[in-house]
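Single-letter residue listing:
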Amino acid sequence: MSDLAQTHQDHGLEALASTLDRFAFPKKFAVELCADCNLACSMCHHPDMKRPKGVMPFPLWQKCADEIAAVAPHTECWFSFCGEPLLEPELLVQCLQYGRSVGLQSLNINTNGMLLTPELDQAILDSGAHLIVFGIDGFSKESFEANRVGADRDVVYGNVERLLATRDRQRSDLAIQVQFIVMDDNAHEVDEYTAFWLARNAVVKVRRQLSWGGQRDAGYDTTDVNRIPCPWAITMMHVFWDGRVPRCPGDTEGDEGVGNVWQHSVAELWGRLGAYRDLHLERRFDELPERCHTCTDWMTGAAERLRPAREVPVEPTFQRLELTRK
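Residues numbered from 1 in each chain as written. Predicted model: local features only at pLDDT ≥ 70, side-chain atom pairs only at ≥ 80, totals over all residues. Heavy atoms only, no water.

Draft legend 1. Highlighting the overall build of the protein. In terms of helices and strands, the protein carries eleven helices and ten strands. Scored against the burial criterion, the 326 residues of the protein give a buried share of 58%. Pairs at least 24 apart in sequence give 75% of the contacts found in the protein among residues at least 6 apart. Entry remark: accessible area of the protein is about 13600 Å², with carbon and sulfur atoms responsible for 50%. (Helix = DSSP H or I, 4+ residues; strand = E, 2+ residues; numbered from the N terminus. Buried < 20%, exposed > 50% of the residue type's maximum accessible area, 1.4 Å probe, protein only. Contact = heavy atoms within 4.5 Å. Areas by Shrake-Rupley, 256 points an atom, 1.4 Å probe, with all protein chains shown as cover.)

Here's what the structure looks like:
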């Protein structure tokens, strides 16, 4: 990396680090509606996941939603983690509707888009969801299907185009993003991809590949990079379908959990993770758990978002970081 590129990257990371603090409650709350997935994507840990897979009981989401609404209703609630939420469409819509009814201000979906149907389009538009993000990591059929293993490029593109057109026709406030994870075999398609989706009034999000707590080689050389506190650790709390709370999103098996939201409040479990967050904020990286020593996900807390002229408002963006690979 050149000295200029190094300086740019360090400044970008430090700008991101300046937004991190000792938050009394998670800024983002990720809900694993189900732990199954209909795909086996190349960049995802899910094909290797060993823990039991199941579906979150609706009363568990109600318990979480009630507390979040009472304590911090602007918390970003994401139906996303280790499974595909559209595998449980009726439960997803029920959870969205309930969250809106108790006053949650940020209800968001992350999906691969394969299972979207016209009927579900309307249900999501009517549910009170604020944002839906589609993982679409390629423009050509060859590139897309090489990474989104088990998906059909034409089906996904058609589903998202249909939802965009329906949203705009109905003048809905639902924000729609398409997310492109940059990898060696698809980076050359970013410009064509961006032009295609901006023309259809989607926000384009370009981001780095996750290592999932060091489980995947994301291809980044951190040798000369000045490490910052992990944005995922500082801002996010995750809950598995059975109520268990892992230490971080890289702990996909729940080996380092801190308790269960069936028995404890979100605030109490967040507090139990406070000492771990302090290690990050105080930059005592050598004292972090072993998993953190090989994880590069602290570099992936920023993304570039490109917005069409007609877009509906979405959440603020972080500063762009250069994508530096080995």
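Draft legend 2. Highlighting the environment of M114. Locating M114 in the fold gives a position in the loop between β3 (107-111) and α4 (118-127). It is 8.8 Å that separates the C-alpha atoms of M114 and R153, two residues lying 39 residues apart in sequence. Discounting residues that sit within four places of it in the chain, M114 has contacts with N38, L39, A151, D152, V155, V156 and N159.

Draft legend 3. Spotlight on helix α3 (residues 89-101). If you check α3, its first and last C-alpha atoms are 18 Å apart, about what 13 residues at 1.5 Å a residue would give, namely 18 Å. Those residues of α3 that fall on the buried side of the exposure criterion are L91, L92, V93, C95, L96, Y98 and G99. Those residues of α3 that are buried are in contact with α2 (58-71), β2 (76-79), β3 and α4. (Expected span 1.5 Å × (residues − 1).)

Draft legend 4. Representation of the packing of α2 against α3 within the structure. Two numbers describe how α2 lies on α3: the axes approach to 10 Å, and their chain directions differ by 25 degrees. In terms of orientation, α2 and α3 fall into the roughly parallel class. Crossing angle aside, the handedness with which α2 passes α3 is right-handed. Residue-level inspection shows F58, W61, Q62, A65 and D66 of α2 in contact with α3, the latter providing L91, Q94, C95, Y98 and G99. Per-class residue counts for the contact of α2 with α3 are six nonpolar, three polar and one charged. (Axes fitted to C-alpha atoms, helices over the stretch in contact; angles between N-to-C directions. Parallel < 35°, antiparallel > 145°, perpendicular 65-115°, else oblique. Left-handed = near helix turned anticlockwise from the far one by under 90°. Nonpolar A, V, L, I, M, F, W, Y, C, P; charged D, E, K, R; others polar.)

Draft legend 5. Up close: the pattern of salt bridges. Within this structure, the stated rule accounts for 19 salt bridges. Note that E161 is salt-bridged to R200, the shortest N-O span being 2.9 Å. Pair noted here: E161 is in helix α6 (residues 153-170) and R200 is in the loop between α7 (190-198) and β6 (203-207), with a separation of 39 residues, a long-range link. Each of the salt bridges in this network shares a partner with another, and the network as a whole consists of R22, D278, E282, R284 and E287. (Salt bridge = Lys/Arg side-chain N within 4 Å of Asp/Glu carboxyl O.)

Draft legend 6. Quick peek at the side chain of T235. Here T235 lies in helix α8 (residues 231-235). When near neighbours in sequence (up to four residues on either side) are disregarded, T235 contacts L20, F23, P26, K27, K28 and W270.

Draft legend 7. Just the confidence of the model for the protein, in detail. In this model, the protein carries a mean pLDDT of 88, and residues with pLDDT of at least 70 account for 87%. Taken as a whole, residues 1-8 scores under 50 in pLDDT and shows seven contacts with residues more than four places along the chain or in a different chain. When the criterion is pLDDT under 50, residues 312-326 qualifies, and its contacts beyond four places in sequence or with other chains add up to 58 contacts. (pLDDT = per-residue confidence, 0-100.)

Draft legend 8. Structural detail: the nonpolar core. Counting residues in hydrophobic clusters, the biggest one holds 75 residues, and the most contacted among them are W61, F79, I124, I136, Y193, W197 and V261. Look past the residues within four positions of W61 in its chain and what remains in contact with it is V31, M56, C77, F79, C95, Y98, G99, L104 and L107. In this structure, L16, A17, V225 and I228 belong to the second largest nonpolar core, which totals 16 residues. (Core = buried A, V, L, I, M, F, W, Y, C linked by side-chain atoms within 4.5 Å.)

Draft legend 9. The arrangement of α7 in detail. Those residues of α7 that sit buried are V190, Y193, T194, F196 and W197. Considered in projection along α7, the buried side chains sweep an arc of 165 degrees and stay on one side of the axis. Structurally, α7 contributes buried residues whose contacts are with α6, β5 (175-181), β6 and β10 (303-306). (Arc of directions from axis to C-beta.)

Draft legend 10. Region of interest: the side chain of R208. By the secondary structure assignment, R208 is in the loop between β6 and α8. Of note is the side chain of R208, whose polar atom sits 2.5 Å from the backbone oxygen of M299. (Polar contact = N/O pair within 3.5 Å; in protein donor to acceptor, adjacent residues only side chain to side chain.)

Draft legend 11. Inspection of the sheet that holds β3 at higher detail. Strand order in this open sheet of eight strands is β7-β1-β2-β3-β4-β5-β6-β10, and the pairing throughout is mixed. What marks the edges here is a single partner per strand, and that holds for β7 (236-239) and β10. Here the average twist between neighbouring strands, direction ignored, is 20 degrees. Examined bridge by bridge, strand β1 (residues 28-31) and β2 share four bridges and lie parallel to one another. Bridge pairing in β2 places A30 opposite W78. (Pairing = 2+ DSSP bridges.)

Draft legend 12. Examining the pairing of β3 more closely. Most of β3 sits out of view: four of its five residues are buried. Here three bridges tie β2 to β3, and the two strands are oriented parallel to one another. Across the sheet, the residue bridging to C77 is L107, located in β3. Regarding topology, α3 serves as the crossover connection from β2 to the parallel β3, and that connection is right-handed. Crossover β3 to strand β4 (residues 131-135) through α4 is right-handed. (Right-handed = clockwise from strand over helix to strand, strands pointing away.)

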